[in-house]
Amino acid sequence: MTLKKKPTTGMKDILPREMEVRDYVIGQIKETYKSFGFQPMETPCVEHIENLNSKQGGENEKLIFKILKRGQKLNLETAETEADLVDGGLRYDLTVPLARYYANNANELPSPFKALQIGNVWRADRPQRGRFRQFMQCDIDILGEPSNLAEIELILATTTLLGKLGFGQFTIRINDRKILKGMAKYCGFPDEQYDEVFIILDKMDKIGMDGVEKELLESGYRPEAVAKCKELFAAVTNDISGVRYIRDTLGECLESGTAEGLETIISTVEAVRSADFRIIFDPTLVRGMSYYTGPIFEISMDGFGGSVGGGGRYDEMIGKFTGNETCACGFSIGFERIVMLLLEEEYQVPGISEKKAYLIDKKVSDKQIQTVMEKARDEREQGMQITIQRMKKNKKFQKEQLIAEGYSNIEEIFAD
């Protein structure tokens, strides 16, 4: 059997240049988020299949990499249903595992608990630019904080990080699931079909209002409800005035305090932000996860089609594990997409120590090699990055490779 040298579909090998950027970004993530009081934690990559299939992961539940039972528990001959074969799966995000983790360890954790989790997740998705079947997620979550202080801190921490990485003029889009429900109620859509309406509404940035109108009508919704919806979106603006317009227009259809809370988040973030970005009210923002219960947000960047991060409040998920309601809010950055954008911009990791290379000729004595090793040791203790290599026949190409890797100081060692 011929062995295959390429990774499996949707996976990738990571070369040193990318690893340098990835390691730096991870370092910045940890440093920045820790400065906001977030604490590192970790969950297993394998999760119970019941948790992954709990109808909280939206479309991601269709993309689970399922794991067969092991040993004597796996009996292919007597298996009749999937449950007879499968008892676990690779996690498709970090939020569901976090909810289980908190439910299992709440007595040993502070309240509120500010969690920082970095790890790989897996989705059997169709690979495309910036999207793989295995990819790293970086999440921050605040559990046990009922006020909008959680949303404000999550947005400020995430935007501070992006600012440190050199990103500017990006956009935070923010909405609230309660506003979506209030708008659907105001327009006259049936309660039981809100989720379907939201899915169509979420296509607004791709197909426009006319496309949304057409799809709603084709789905059988009453023309009066669709017309009212179109009129509502035509009148609303993307700022605090738009939030106030929604509040005044929806009236009793909107849960009390929802608009005021969103206004507080927007105005506070604008007042104390440290990075260069816009925060806008986007009433078309839906986010696919069914577990969101309140404010939701996404990061978009010019020149990149799609979001590079998102999150929101999910106050009901943890209670499904514990039976006790626990408020929760989280923000996840698209680590792989951010690294991809940095690499495309030929990003240079700052603060790298001086890199020096020694090229040793094959005729050099053992005593000379020892001397070079001692010198390299002393230079490393001074913070320099040193590599020692045997000099190759094609020395010109060898030096070009070293220079491309950042070794601007190259010393050749010949026999005395």
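Our structure's up above, just so we're on the same page.
Presented here is a report on the structure given in the accompanying data block.

Thresholds, definitions, all that
- Residues numbered from 1 in each chain as written.
- Predicted model: local features only at pLDDT ≥ 70, side-chain atom pairs only at ≥ 80, totals over all residues.
- Heavy atoms only, no water.
- Helix = DSSP H or I, 4+ residues; strand = E, 2+ residues; numbered from the N terminus.
- Buried < 20%, exposed > 50% of the residue type's maximum accessible area, 1.4 Å probe, protein only.
- Contact = heavy atoms within 4.5 Å.
- Areas by Shrake-Rupley, 256 points an atom, 1.4 Å probe, with all protein chains shown as cover.
- Lys, Arg positive; Asp, Glu negative; His and termini not counted.
- Charge placed at Lys NZ, Arg CZ, Asp CG, Glu CD.
- Salt bridge = Lys/Arg side-chain N within 4 Å of Asp/Glu carboxyl O.
- Axes fitted to C-alpha atoms, helices over the stretch in contact; angles between N-to-C directions.
- Parallel < 35°, antiparallel > 145°, perpendicular 65-115°, else oblique.
- Nonpolar A, V, L, I, M, F, W, Y, C, P; charged D, E, K, R; others polar.
- Core = buried A, V, L, I, M, F, W, Y, C linked by side-chain atoms within 4.5 Å.
- Polar contact = N/O pair within 3.5 Å; in protein donor to acceptor, adjacent residues only side chain to side chain.

### Focus: the overall build of the protein chain
Piece 1. What the protein chain contains, in helices and strands, is 14 helices and 14 strands.
Piece 2. When its C-alpha atoms are laid out on the principal axes, the protein chain stretches across 90 × 65 × 45 Å.
Piece 3. Every one of the 416 residues in the protein chain was classed for burial, and the buried ones make up 47%.
Piece 4. Sequence separation of at least 24 residues holds for 68% of the intrachain contacts in the protein chain that already meet a minimum separation of 6.
Piece 5. Of the accessible surface of the protein chain, which amounts to about 22,000 Å², a share of 48% is contributed by carbon and sulfur atoms.
Piece 6. Put simply, the protein chain has 56 plus and 66 minus side-chain charges, and the middle of one group is 7 Å from the middle of the other.

### So, the pattern of salt bridges
Piece 1. Within the structure shown, the criterion is met by 28 salt bridges.
Piece 2. Two residues, glutamate 298 and arginine 173, come together in a salt bridge whose shortest N-O distance is 3.1 Å. Remark: arginine 173 occurs in strand β7 (residues 170–176) and glutamate 298 occurs in strand β9 (residues 295–300); sequence separation between them is 125 residues. No difference in accessibility class separates glutamate 298 from arginine 173, as the two residues are buried.
Piece 3. Look at the salt bridges and you will find they share partners, linking Lys12, Glu18, Arg22 and Glu336 into a network.

### Some words on helix α12 (residues 335–344)
Piece 1. Burial within α12 is extensive, with eight of its ten residues counted as buried.
Piece 2. All of the buried residues in α12 are Phe335, Glu336, Arg337, Ile338, Val339, Met340, Leu341 and Leu342.
Piece 3. Against α1 (16–35), β6 (134–143), α4 (149–164), β10 (307–313) and β11 (328–333) lie the buried residues of α12.
Piece 4. At the C-terminal side of α12, glutamate 346 shows a positive phi close to 55°.

### Side note on the packing of helix α5 (residues 177–187) against helix α6 (residues 194–201)
Piece 1. Viewed as axis vectors pointing N to C, α5 and α6 meet at an angle of 105°, and their least axial separation amounts to 11 Å. When the axes of α5 and α6 are compared, the pair comes out roughly perpendicular. Here α5 contributes Arg177, Leu180, Lys181, Ala184 and Lys185 to the contact with α6, which in turn contributes Tyr194, Asp195, Phe198 and Leu201.
Piece 2. A class-by-class count of the residues in the contact of α5 with α6 yields five nonpolar, no polar and four charged.

### Observations regarding the nonpolar core
Piece 1. Counting residues in hydrophobic clusters, the biggest one holds 102 residues, and the most contacted among them are Ile29 and Phe189.
Piece 2. Here this core takes eight residues from α4, the largest share from any one element.
Piece 3. With sequence-adjacent residues up to four places away left out, phenylalanine 189 is seen in contact with Ala184, Tyr194, Val197, Leu216, Tyr221, Ala225, Val226 and Cys229.
Piece 4. Counting residues in hydrophobic clusters, the runner-up holds nine residues, among them Ile369, Ala376, Met384 and Ile386.

### Side note on the side chain of arginine 287
Piece 1. Secondary-structure assignment places arginine 287 in the loop between β8 (277–281) and β9.
Piece 2. Exposure remark for arginine 287: the relative accessible area of 15% places this residue in the buried category.
Piece 3. For arginine 287, the side chain forms a polar contact with the side chain of tyrosine 292, separated by 3.5 Å.

### What to know about unusual backbone geometry
Piece 1. The peptide bond linking serine 111 to proline 112 adopts the cis configuration, its omega dihedral lying at 0°.
Piece 2. Along the polypeptide, proline 112 turns up in the loop between α3 (95–105) and β5 (113–122).
Piece 3. A positive phi angle, near 60°, is found at glutamine 169, a position not held by glycine.
Piece 4. Residue position: glutamine 169 is located in the loop between α4 and β7.

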